Amino acid sequence: MKRGRTGLKSQCQIFPSLGEWAKRPKWMTPAQDWGNLPHHVVLQIFQHLSLVDRARASSVCRCWNDVFHTPDLWRRFEFELNQPATSYLRSTHPDLIQQIIKKHAQHLQYVSFKVDSCTESAEAACDILSQLVNCTIKTLGLISTARPSFMDVSQAHFVSALTVVFVNSKSLSSIRIDDTPVDDPSLKVLVANNSDTLKLLKMSSCPHVSPAGILCVADQCHGLRELALNYHLLSDELLLALSSEKHVHLEHLRIDVVSENPGQTHFHTIKRSSWEALIRHSPKVNIVMYFFLYEEEFEPFFCEETPVTHLYFGRAVSKMMLGRIGLNCPRLVELVVCANGIEPLDEELIRIAERCKSLTAIGLGECEVTCSGFVEFVKMCGGRLTQLSIMEEVLIPDSSYNMEQIHSEVSKHLGRMWFPDMMPTW
Amino acid sequence: MVVNTIHWFRKGLRLHDNPSLKDSIRGSDTLRCIYILDPWFAGSSNVGINRWRFLLQCLEDLDASLRKLNSRLFVIRGQPTDVFPRLFKEWQINRLSYEYDSEPFGKERDAAIQKLANEAGVEVMVRISHTLYNLDKIIELNGNQPPLTYKRFQAVINRMDAVEMPAETITFEVLKNCVTPISEDHDEKFGVPSLEELGFETEGLTTAVWPGGETEALMRLERHLERKAWVANFERPRMNANSLLASPTGLSPYLRFGCLSCRLFYFKLTDLYRKVKKNHTPPLSLYGQLLWREFFYTTATNNPCFDKMDGNPICVQIPWDRNPEALAKWAEGRTGFPWIDAIMTQLRQEGWIHHLARHGVACFLTRGDLWISWEEGMKVFEELLLDADWSVNAGSWMWLSCSSFFQQFFHCYCPVGFGRRTDPNGDYIRRYLPILRGFPAKYIYDPWNAPEEVQKAAKCIIGVHYPKPMVNHAEASRINIERMKQIYQQLSCYRGLGMDRICLTRGNSLNLEVIIIMIIISIQFIFFQLSNFHEGAGAHHPGQSSSVCCGALIIIIIMMMMMIILLSGFFLIK
């Protein structure tokens, strides 16, 4: 649904028929004209207006009010639930919410809830969810814009609200429930009712789900193309289930690896054969891994060939680990390293350039790379590097290049203008 | 005709390179240099004791320098719009001079004063000396838009005319016959107030680490240049534990208040570079500090909403959290992360922190951990940081919270790791957080991970003597990077890292769209040409033209079929 900001008047230019309409004989009063516009014309105009403008327009006359309530305008809706004490943003008006539930619940197809960090907002979202009984929702998104407030809602309340939608919609294709207290039984309900249509499931950081729960989803929902979860839910069985013959090609698999405290979580390893089965089945799949671990916790990872395509290291990652990545991640497309240490990463980068032939994007912050090593890296990658985001402090001038020369040298090899990322120094 | 002049000091608290003062002295009979203490100006009621002390020391220094020239500084309390009409009449003023203030509120205030001056028949002389260049010229050169990336800014600077030379320092020769009428009760009426007189509690206040004033500024400039010459290296210095401490050659607060002229600094740097590097042209990076300052002034000058998110055209609208409790913990150095707390403690005690330390705490407050609005952080810095003025402070906060300037948001400063890499021994922490002195270097950055015996030996139990960490950094940064991604995905102009899925699929569809558009255009072109050709040739060779026409039609049909196939493929992918 389009959300134009232009008012009603300027729409005349888009619809020439309207302009002609306006040139009617003077004995027809303007008020009669506007009120007698055909429904489909008003509908087109309304689609360009923001919700607020549309709501205002709807109180002009009965005809426009009817158009305002056309099912087509209510397919897509985003509920914004904010409290003034915890957010700077406005909330969807409670009267409007009531109207939608009363009149338009059955029209809703693409629904999302944006809540702030207050528990009340999350509870309000759950209340709305439990009232969406007669609906055919296709897309559902529960988004916490700040702190994950859904986790503060009582699990029973949340699960019962979510189950209402799972049971009644029967044609859910895309669900985003990251950072929520969803659990295994609710996933079972989801599968029981929507296994044919489910295509996308994002559930990172849902601590109440177990590997068995997500395995059930993979087993039954053969149309699943995109999945996002935490590492503890990943298992060999899951990868094999996603590679079964009946299953469609997987397009996107996102895995978050998060640690609470150093040494407290034990990370299991995934067998190489399971990864290979997945790649055989879905050769084009994007495997995205986000790491938020302490340096010493990386042991179980990348010991064998891993088909990851996008790697993000949110905290420091050791030199040795980057070396391993160069050896074992041939499908690597994007690499982001937030921090490393004070030893130059020249060797590791060059190995990555050699062996990761699909690498197109790299980002480095708080690392050290000598200028010559960096130039070597860029030379080997050449123009395939579309994203090269290096913080200025990363590059260490040496005898071959200083900071002024590095940017022209790198630009030359990349075939376009390039500068390191800068941060203000004041 | 007797010419009585007022020179109005706001920033530019110096007698060297003060072109507005110098020009207004010429032909004047009397000169009075005034400073108006306007406590309500632009929210400066949010100014901490260190900033007030610095300002008062600057004013004392000015007064002392003017005394040497048989003049004095007149400090007047009140609002400019009230003060000036009174002064114009009382002192029979016909000339007013001041340094140009590029900030939006400054411009508004000055416009009001100009109007008052015009009504009173007072000539106004304004000169640019707080910035290296005329900012309006920079904006003009960039197509009437302020450059929004630093690199673009540097490119525009390269095309500007050279920086103007600093004006001559005010001396007896410059003053010539110009006198300042000083009354017996000058100190009572117009003297520089003390901190106590302004209502501050000065018990237990330590000596200023950064003493204010032009004299101090010029001394520091000499030391700064000496050190650079001695090192003979103009590269960016590597960050180490010592860089975190206040440096006796640091210049940023003096540039902010105008005790040191940025143009003087610029030329002295240039001269030194040419001397040491044997006449090579200095690179732009030599003036990094000055150019960043200039950049933010330029971006802010025409944007009165520059310090806000709401209504600010260059600021990304991010759904920040409202959490006064968390904000207070950050501001007061009680987050439970020693690195953050030490930095905020140094800031509160001394009024200056290293720029990388600023990055660390700003990231922690906004997009890294607490997800609190950068406007709140900006207000805290405004209160405590000596060199934070409106434009530079707001601009830097927007930059560091990735709210503007097309910043890559992937890099997050870890509140544990970053400090540990900078100062592995932890001396900085021990200096500003004495309670943690007993912790060994291994645990001083994350004392909550220290075993009980270590905590007992250090006589500091986490949770009792020092707070527990207020967030789980791994979880917080995971959630926040996700938030930033969601926001940036909706910005059509963003093409950067971390977009994984969206980047790839959008890239594909974009290419298809381009191909389709090109095909449509080429078909229209061919059709148009053929119809012209047909019209032109039809009269002479009817047979040939019809066969050509058929051929053209066939080509068009084939292209349309291709287009349909491609379009259907495009929709299938979608």
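Residues numbered from 1 in each chain as written. Chains lettered and ligands numbered in written order. Predicted model: local features only at pLDDT ≥ 70, side-chain atom pairs only at ≥ 80, totals over all residues. Heavy atoms only, no water.

Visitor: Describe in detail the packing of helix α14 (residues 338-350) of chain B against helix α15 (residues 355-368) of chain B, supporting the description with residues and values.
Guide: Residue and element names in this part refer to chain B. In the contact formed by α14 and α15, the axes pass within 10 Å of each other and the chain directions differ by 115°. The element α14 and its partner α15 pack so that their crossing is left-handed. Of the residues in α15, those in contact with I340, I343 and M344 of α14 are A357, G360, V361 and F364. (Axes fitted to C-alpha atoms, helices over the stretch in contact; angles between N-to-C directions. Helix = DSSP H or I, 4+ residues; strand = E, 2+ residues; numbered from the N terminus. Left-handed = near helix turned anticlockwise from the far one by under 90°. Contact = heavy atoms within 4.5 Å.)

Visitor: Account for the confidence of the model for chain A, naming residues and giving values.
Guide: Here chain A shows a mean pLDDT of 86. Residues at 70 or above account for 92%. In this model residues 1-16 of chain A is a low-confidence stretch, pLDDT under 50, and it forms 29 contacts with partners more than four residues away in sequence or in other chains. (pLDDT = per-residue confidence, 0-100.)

Visitor: Could you give an account of the sheet that holds strand β2 (residues 30-37) of chain B, with specific residues and numbers?
Guide: Residues and elements named next belong to chain B. Taking strand neighbours across the sheet as the criterion, the five strands line up as β3-β2-β1-β4-β5 in an open arrangement whose pairing is parallel. Whereas interior strands pair on both sides, the edge strands pair on one side only; in this sheet they are β3 (73-77) and β5 (123-127). Sheet twist, expressed as the mean angle between neighbouring strand axes with direction ignored, is 25°. Of the strand pairs in this sheet, strand β1 (residues 4-9) and β2 are connected by six bridges, and their pairing is parallel. Considered in β2, the bridge of N4 is made with T30. (Pairing = 2+ DSSP bridges.)

Visitor: Please set out the interface of chain A and chain B residue by residue, giving values where relevant.
Guide: Each partner contributes residues to the interface: chain A has 67 residues there, and chain B has 61 residues. Of the roughly 5600 Å² buried between chain A and chain B, counting both surfaces, carbon and sulfur atoms make up 55%. The interface formed by chain A and chain B includes four salt bridges. Measuring nitrogen to oxygen at the nearest pair gives 3.4 Å for the salt bridge that ties R478 of chain B to D256 of chain A. Run the count over chain A and chain B and you get 19 residue pairs in polar contact (both at pLDDT 80 or more). (Buried area = accessible area lost by both parts, 1.4 Å probe. Salt bridge = Lys/Arg side-chain N within 4 Å of Asp/Glu carboxyl O. Polar contact = N/O pair within 3.5 Å; in protein donor to acceptor, adjacent residues only side chain to side chain.)

Visitor: Give me the pattern of salt bridges: which residues, what numbers.
Guide: All names here are of chain A. Across all of its chains, the model carries 39 salt bridges over all chains by this definition. Across the pair E409 and K412 runs a salt bridge whose closest N-O atoms are separated by 3.4 Å. With a gap of three residues between them, E409 and K412 both fall in helix α16 (residues 403-414), about one helical turn apart. For E409, a relative accessible area of 17% puts it in the buried group. (Buried < 20%, exposed > 50% of the residue type's maximum accessible area, 1.4 Å probe, protein only.)

Visitor: I'd like to hear about helix α7 (residues 119-131) of chain A, residue by residue, with values.
Guide: Helical geometry note: an α-helix holds 3.6 residues per turn, so side chains three or four residues apart project in the same direction. All names here are of chain A. Here α7 is 13 residues long and its end C-alpha atoms lie 19 Å apart, about the 18 Å a rise of 1.5 Å per residue gives. Within the sequence span of α7, burial applies to S121, A122, A125, C126, I128 and L129. One side of α7 holds all its buried residues, which, seen down the axis, span an arc of 160°. In this structure, the buried residues of α7 make contact with β1 (76-81), α6 (94-104), β2 (110-115), β3 (139-144) and α8 (155-169). (Expected span 1.5 Å × (residues − 1). Arc of directions from axis to C-beta.)

Visitor: Talk me through the UniProt feature "binding site: FAD" (unreviewed entry) in chain B; I want residue IDs and the actual numbers.
Guide: Mapped onto this numbering, the UniProt entry gives "binding site: FAD" (unreviewed entry) at Q289, L290, L291, W292, R293, E294, F295, F296, D387, A388 and D389 of chain B. With residues up to four places along the chain from it excluded, the contact list for Q289 of chain B reads T425 of chain A together with S252, L255 and F265 of chain B. Tracing the backbone through its elements, the reader meets F295 of chain B in helix α12 (residues 288-300). On the accessibility criterion, F295 of chain B (0% relative accessible area) is buried. Excluding residues that lie within four positions of it along the chain, F295 of chain B makes contacts with P147, L148, T149, Y150, F153, W399 and F405 of chain B. (UniProt positions renumbered as here; feature names shortened; annotations may be inferred.)

Visitor: Mind laying out the sheet that holds β2 of chain A, listing which residues take part and the relevant values?
Guide: Residue and element names in this part refer to chain A. Reading across from one edge, β1-β2-β3-β4-β5-β6-β7-β8-β9-β10-β11-β13 is the order of the twelve strands in this open sheet, with parallel pairing throughout. In this open sheet, the two strands that pair with only one neighbour each are β1 and β13 (387-390). Within the sheet, the average angular offset between the axes of one strand and its neighbour, ignoring direction, is 10°. The pairing of strand β4 (residues 174-176) with strand β5 (residues 200-202) spans three bridges and is parallel. Paired with I175 across the strands is L201, a residue of β5.

Visitor: Explain a nonpolar patch on the surface residue by residue, including any values.
Guide: Residues and elements named next belong to chain B. A cluster of nonpolar residues, L553, I557 and M561, forms a patch on the protein surface that exposes about 290 Å² of accessible area. The topology assignment puts I557 in helix α23 (residues 542-573). Given a relative accessible area of 48%, I557 falls into the partly exposed group. (Patch = residues over 30% accessible without salt bridge, like charges linked within 9 Å, V, L, I, M, F, W, Y side chains within 5 Å. Areas by Shrake-Rupley, 256 points an atom, 1.4 Å probe, with all protein chains shown as cover.)

Visitor: Break down the pairing of β2 of chain A for me, citing the residues and quoting the values.
Guide: Residues and elements named next belong to chain A. Among the six residues in β2, five count as buried, and that is most of the element. As defined by bridge partners, β1 adjoins β2 across six bridges and the pair is classed as parallel. Bridging from a neighbouring strand, L81 pairs with V115 of β2. Handedness of the crossover joining β1 and β2 through α6 is recorded here as right-handed. (Right-handed = clockwise from strand over helix to strand, strands pointing away.)

Visitor: Tell me about the confidence of the model for chain B, residues and numbers included.
Guide: Detailed reading of the predicted coordinates is not advisable wherever pLDDT falls low. All names here are of chain B. On average, residues of chain B score 86 in pLDDT, and 85% of them reach the 70 mark or higher. Every residue in residues 501-513 scores below 50 in pLDDT, and together they form 15 contacts with partners more than four places removed in sequence or on other chains. Counting contacts from residues 537-541, a segment whose pLDDT is below 50, to residues more than four positions away or on other chains yields two contacts. Under the prediction, the complex receives an ipTM of 0.84, its pTM being 0.84.

Visitor: Provide a residue-level description of the environment of L108 of chain A, including the pertinent values.
Guide: Among the structural elements, L108 of chain A can be located in the loop between α6 and β2. Given the relative accessible area of 0%, L108 of chain A is considered buried.

Visitor: A description of the nonpolar core should follow, citing residues and the corresponding values.
Guide: The biggest cluster of nonpolar side chains holds 275 residues, and the ones touching the most others in it are F374 of chain A together with W330 of chain B. Not counting the four nearest positions on each side in its chain, W330 of chain B is found in contact with T335, I340, M344, V361, F364, L365, L370, G377, V380, F381 and W397 of chain B. Judged by nonpolar contacts, the second largest core, of 18 residues, contains I6, I93, I113 and F190 of chain B. (Core = buried A, V, L, I, M, F, W, Y, C linked by side-chain atoms within 4.5 Å.)

Visitor: Any details on helix α17 (residues 390-400) of chain B? Residues and values, ideally.
Guide: All names here are of chain B. With eleven of its eleven residues buried, α17 lies for the most part within the structure. Buried within α17 we find W390, S391, V392, N393, A394, G395, S396, W397, M398, W399 and L400. Buried residues along α17 sit against α4 (104-119), α6 (150-159), α12, α13 (324-331), α15 and α16 (374-384).

Visitor: Describe the side chain of S65 of chain B, listing the residues and the values that go with them.
Guide: Residue and element names in this part refer to chain B. Note on placement: S65 falls in helix α2 (residues 49-68). Looking at S65, the relative accessible area reads 16%, which means it is buried. Setting aside anything within four residues of it in sequence, one finds S65 in contact with L15 and E214.

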